[in-house]
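Each chain is listed here by its residues.
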Amino acid sequence: MPRNYADRQLSARYPTDLAAWRGLKEHYAQMRRRPLSELFARDAKRATNFTVEAGNLLLDYSKNHINATTRRLFGQLARGADVPAAIEAMFSGERINETEDRSVLHVALRSKISDTVALETPGVRELWEVLAWMEEFVDGVQSGAITGSTGQRFTDIVNIGIGGSDLGPVMASMALRPYWNIDMRFHSVSNIDGTQLADIKDELDPERTLFIVCSKTFTTLETMTNANAARAWIAARLGKAAIRDHFVAASTNHEAMNEFGVHPDYRFGFWDWVGGRYSVWSAVGLSLALVTSMNVFRRVLAGGRQMDQHFRSAPMDENMPVLLAMLGIWYNNFFGAQSQ
């Protein structure tokens, strides 16, 4: 059994007390002046030797200032810092977010129940119910069973959020542009400057527009300012009663959603262990599912799960996320590179 996360002994800021760190420091003195051309000349199979595969992804990290010794020291550093135990702590639902005293379980959002990822953590067993309701709702919108207040089918999905509740859906929607439903368009509003929403409204037919308000607390200033502006627009164009047909929420604050006018069936919850930057894997990804399909969204989740399984089980020196993290440490702390 891995040791408890709280029992791990790490330096206050960096594990500079570990032997592998000292080894990297000495190794850097030898590597800092070796050009990539020399590294490739010394190893004819470098392009093959410095690649990792996980699922259908290939990471080629051969064009970095490292050799086999560097990689070996990376693995030693990760093991010396108890990274395997930290990974298992995350998957077990331990409260590794020390700042907020919370679990960090975006991995649960992508899991199958048979993976037994933190099943005893409050909320985890509910996530498949939320997914099932998302599927029913998405299918209803795309089939025309769920419509706007005038009976028109929805063609425009507007995600209203800030930070991770905006950036995740925006980037994912761009990456999945070839999979968009031919009858659907995606829009996003995050800037508290009213011109962003005003510009988008010029493209929208209110009868065919569905707004997704993403705010765990339903109180975030930027998000609620834009949501209230969109609400006023719908009320002015279609009447106040239309609000319940044109707004969906990813939130947990039912009192605030009641006051706003969100239909009880149009609410999708997520949990405090879903960090904002990872929230696209939760109900915050509803806009993505609506503009593509629930099948596409489930395939996205499956891809994330595949990487999670690799991250959890692969040895440190063959672990794609760990190698990328170690490269960041290598360049930042030894080469003094502030950006990569």
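Predicted, not measured: the structure shown is a model, and the values here were computed from it.

The rules behind each value
Note that residues are indexed from 1 along each chain, following the sequence as it is written. Local features in this predicted model are restricted to residues of pLDDT 70 or higher, and side-chain atom pairs are both shown and tallied only at a pLDDT of 80 or more, whereas totals for entire chains, interfaces and linings draw on every residue. Heavy atoms from the whole structure form the basis of all side-chain values; hydrogens and water molecules are not counted. To qualify as a helix, a DSSP run of H or I must reach at least 4 residues; to qualify as a strand, a run of E must reach at least 2; elements of each kind are numbered from the N terminus. Should any heavy atoms of two residues lie within 4.5 Å, those residues are considered in contact. Cavities and pockets were defined on a 1 Å grid built over protein atoms only: a cavity is a set of grid points that admits a 1.4 Å probe from which the probe cannot escape, a pocket is an open set flanked by protein on both sides within 12 Å along at least five of seven lines, and lining residues are those with an atom within 4 Å of any such point. Grid points are joined across faces, edges and corners, and a volume is the space filled by probe spheres set on the points. Note on residue classes: Ala, Val, Leu, Ile, Met, Phe, Trp, Tyr, Cys and Pro are nonpolar, Asp, Glu, Lys and Arg are charged, and everything else, Gly too, is polar. The salt bridge criterion pairs a side-chain nitrogen of Lys or Arg with a carboxyl oxygen of Asp or Glu, the two atoms within 4 Å. Each residue's exposure class comes from its accessible area (1.4 Å probe, protein chains only) as a fraction of the maximum for that residue type: buried when under 20%, exposed when over 50%, partly exposed otherwise. To get an axis, a line is fitted to the C-alpha atoms, and for a helix only the part in contact is used. The angle between two axes follows their N-to-C directions and goes from 0 to 180 degrees. Orientation is classified from the angle alone, with under 35 degrees giving roughly parallel, over 145 giving roughly antiparallel, 65 to 115 giving roughly perpendicular, and any other angle giving oblique. When DSSP finds two or more bridges between a pair of strands, those strands are recorded as paired. A pair of aromatic rings is counted whenever rings of Phe, Tyr or Trp (Trp by its six-membered ring) have centres within 6.5 Å, and the orientation is called stacked for planes under 30 degrees apart, edge-to-face for over 60 and tilted otherwise. In our convention, an over-ring charge means Lys NZ or Arg CZ found within 6 Å of a ring centre and within 35 degrees of that ring's normal.

Draft legend 1. How the structure looks around the side chain of D308. With respect to the secondary-structure elements, D308 resides in helix 14 (residues 294–313). Apart from residues no more than four positions distant in its own chain, D308 is found in contact with F91, V107 and R110.

Draft legend 2. Focus on empty space enclosed by the protein. Under the defined criterion, the tally for this structure stands at one cavity of 30 Å³ or more. Roughly 70 Å³ of internal volume is contained in the largest cavity. Every residue lining the largest cavity is listed: L109, L127, V130, L131, M134, G269, W271, W281, S282 and A283. Taken together, the residues that form the lining of the largest cavity break down as eight nonpolar, two polar and no charged.

Draft legend 3. Structural detail: the pattern of salt bridges. In total, this model carries ten salt bridges according to the counting rule given. A salt bridge links E88 to R312; the shortest N-O distance between them is 2.6 Å. In this pair, E88 is assigned in helix 5 (residues 83–92) and R312 in helix 14, connecting sequence segments 224 residues apart. Note that R125 and E120 form a salt bridge whose closest N and O atoms lie 3.3 Å from each other. Under the relative-accessibility criterion, R125 is labelled partly exposed at 45%.

Draft legend 4. Representation of the packing of helix 7 (residues 127–143) against helix 14 in the model. Put simply, helix 7 and helix 14 touch, their axes get as near as 10 Å, and they point 150° apart. The orientation of helix 7 with respect to helix 14, classified from their angle, is roughly antiparallel. For the pair helix 7 and helix 14, the contacting residues are L131, A132, M134, E135 and V138 in the first and M294, F297, R298 and L301 in the second. Its residues assigned to classes, the contact of helix 7 with helix 14 shows seven nonpolar, no polar and two charged.

Draft legend 5. A look at the layout of surface pockets. Its volume calculated, the second largest pocket comes out at about 330 Å³. Forming the boundary of the second largest pocket are 15 residues, of which N97, V104, G275, R277 and Y278 lie nearest the centre. Within the lining of the second largest pocket, the residues separate by chemical class into five nonpolar, five polar and five charged.

Draft legend 6. Region of interest: the side chain of R305. Along the chain, the position of R305 falls in helix 14. With residues up to four places along the chain from it excluded, the contact list for R305 reads R110, S111, K112 and D115.

Draft legend 7. Molecular detail of the sheet that holds strand 4 (residues 185–189). An order of 4-3-5-6-7 is seen for the five strands of this open sheet, with the pairing classed as parallel. With partners counted over all chains shown, the strands left at the sheet margins are strand 4 and strand 7 (267–268), one partner each. Judged from the four bridges that link them, strand 5 (residues 209–214) and strand 6 (residues 247–250) form a sheet pairing that is parallel. Pairing of I212 across the sheet is with V248, part of strand 6. Its contacts with the sheet place helix 8 (residues 164–175) against strand 3 (156–160), strand 4 and strand 5, and it is angled at close to 155° to strand 4.

Draft legend 8. Just the packing of aromatic side chains, in detail. Using the criterion set out here, one finds 18 aromatic pairs in the structure. Between Y28 and F334, the ring centres sit 6.4 Å apart and the planes meet at 45°, which makes this aromatic pair tilted. One end of the pair, Y28, is in helix 1 (residues 19–31); the other, F334, is in helix 15 (residues 320–334), with 306 residues separating them in the sequence. Between the aromatic rings of Y331 and F335, the centroid separation amounts to 5.3 Å while the plane-to-plane angle is 55°, which identifies the pairing as tilted. Linked through ring pairs, W21, Y28, F74, W330, Y331, F334 and F335 together constitute an aromatic cluster. The ring of F50 has R71 sitting right over it, with the charged end atom 4.5 Å from the ring centre. Stacked on the ring of W281, the Lys or Arg R110 has its end atom at 4.4 Å from the ring centre.

Draft legend 9. Quick look at unusual backbone geometry. One non-glycine residue, D82, lies in the positive phi region at around 60°. Along the chain, the position of D82 falls in the loop between helix 4 (68–80) and helix 5. Notably, D101 is not glycine yet its phi reads approximately 55°, a positive angle. Tracing the backbone through its elements, the reader meets D101 in the loop between helix 5 and helix 6 (106–109). Residue D101 is classed as partly exposed on the basis of its relative accessible area, which comes to 47%.

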